[in-house]
Amino acid sequence: MPSEFTQDVIKIIQNIPVGKVLTYGKIAKLAGNPRAARQVSWLLHSSTKKYNLPWHRVINSKGKIALKSEDGKDYQKILLEKEGIKFVDNNKVDLKKYLWDIDSIVNIKGNFNL
DNA sequence: AACCTGACGAAGA
DNA sequence: TTCTTCGCCAGGT
């Protein structure tokens, strides 16, 4: 039985719009624990299939892809480009432009049953 | 209960 | 700007 925090993280990720991204830290904060970014990463790598998550829309605070292997990075980059996201210097995205500004949405928790 | 893990992140150097 | 170091968290063993 996943903790409430984990359940919220899952829901938030599932609701990231096409063409938008969120960072590990932002997700953790939205789920109620600003310092649990590492747990978000753990979840992605262990439960992506189980919860059918759009894992490619989650990147790090620098706007870069967090996967380790080069193959993985290329794959994620392709998935994001297919959604219209442009890369700067061939390895990072403009967060000002593509970060899902969930904070500006009123009553977000109600809208997504968090 | 103890210990280990990771696709993190902020702060220093 | 890149590389360390260190703190954090929930699951898994």
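The following paragraphs examine the structure supplied in this document.

### Regarding the protein's contact with DNA strand C
Line of reasoning, step 1. Around DNA strand C, a shell composed of P2, S3, F5, T6, N33, R35, A36, R38, Q39 and W42 is seen.
Line of reasoning, step 2. Protein-proximal atoms of DNA strand C, defined as those within 4 Å of the protein, fall in sugar or phosphate at a share of 65%.
Line of reasoning, step 3. Note that a base nitrogen of DNA strand C is positioned 2.9 Å from one of the side-chain N or O atoms of Q39.
Line of reasoning, step 4. Those elements that provide at least two residues to the surface near DNA strand C are α1 (4-14) and α3 (37-47).
Line of reasoning, step 5. Ranked by the residues each element gives to the surface near DNA strand C, the list is headed by α3, at three residues.
Line of reasoning, step 6. Grouping the constituent residues of the surface near DNA strand C by class yields four nonpolar, four polar and two charged.

### Quick notes on the nonpolar core
Line of reasoning, step 1. Residues F5, V9, I13, L22, I27, V40 and V58 are the most contacted members of the largest nonpolar core, which totals 21 residues.
Line of reasoning, step 2. Those elements giving two or more residues to this core turn out to be α1, α2 (24-30) and α3.
Line of reasoning, step 3. The biggest single contributor to this core is α1, with five residues.
Line of reasoning, step 4. Of all hydrophobic cores here, the second largest spans eight residues; its members include V21, I59, F87 and Y98.

### Side note on the pattern of salt bridges
Line of reasoning, step 1. Per the stated rule, a full pass over the model turns up three salt bridges.
Line of reasoning, step 2. Note that R57 is salt-bridged to E83, the shortest N-O span being 2.8 Å. Residue R57 is located in the loop between α3 and β2 (58-59), and its partner E83 is located in the loop between α4 (70-81) and β3 (87-88); the two are separated by 26 residues in the primary sequence.
Line of reasoning, step 3. The class for R57 is buried, based on a relative accessible area of 10%.
Line of reasoning, step 4. Of the charged contacts in the structure, one is a salt bridge between E70 and K73, with a shortest N-O distance of 3.7 Å. In this pair, E70 and K73 both sit in helix α4, three residues apart, roughly one turn of the helix.
Line of reasoning, step 5. On the basis of relative accessible area, E70 is assigned to the exposed category, the value being 51%.
Line of reasoning, step 6. Looking at K73, the relative accessible area reads 28%, which means it is partly exposed.

Rules and cut-offs
Residues numbered from 1 in each chain as written. Chains lettered and ligands numbered in written order. Predicted model: local features only at pLDDT ≥ 70, side-chain atom pairs only at ≥ 80, totals over all residues. Heavy atoms only, no water. Near = heavy atom within 4 Å. Polar contact = N/O pair within 3.5 Å; in protein donor to acceptor, adjacent residues only side chain to side chain. Helix = DSSP H or I, 4+ residues; strand = E, 2+ residues; numbered from the N terminus. Nonpolar A, V, L, I, M, F, W, Y, C, P; charged D, E, K, R; others polar. Core = buried A, V, L, I, M, F, W, Y, C linked by side-chain atoms within 4.5 Å. Buried < 20%, exposed > 50% of the residue type's maximum accessible area, 1.4 Å probe, protein only. Salt bridge = Lys/Arg side-chain N within 4 Å of Asp/Glu carboxyl O.

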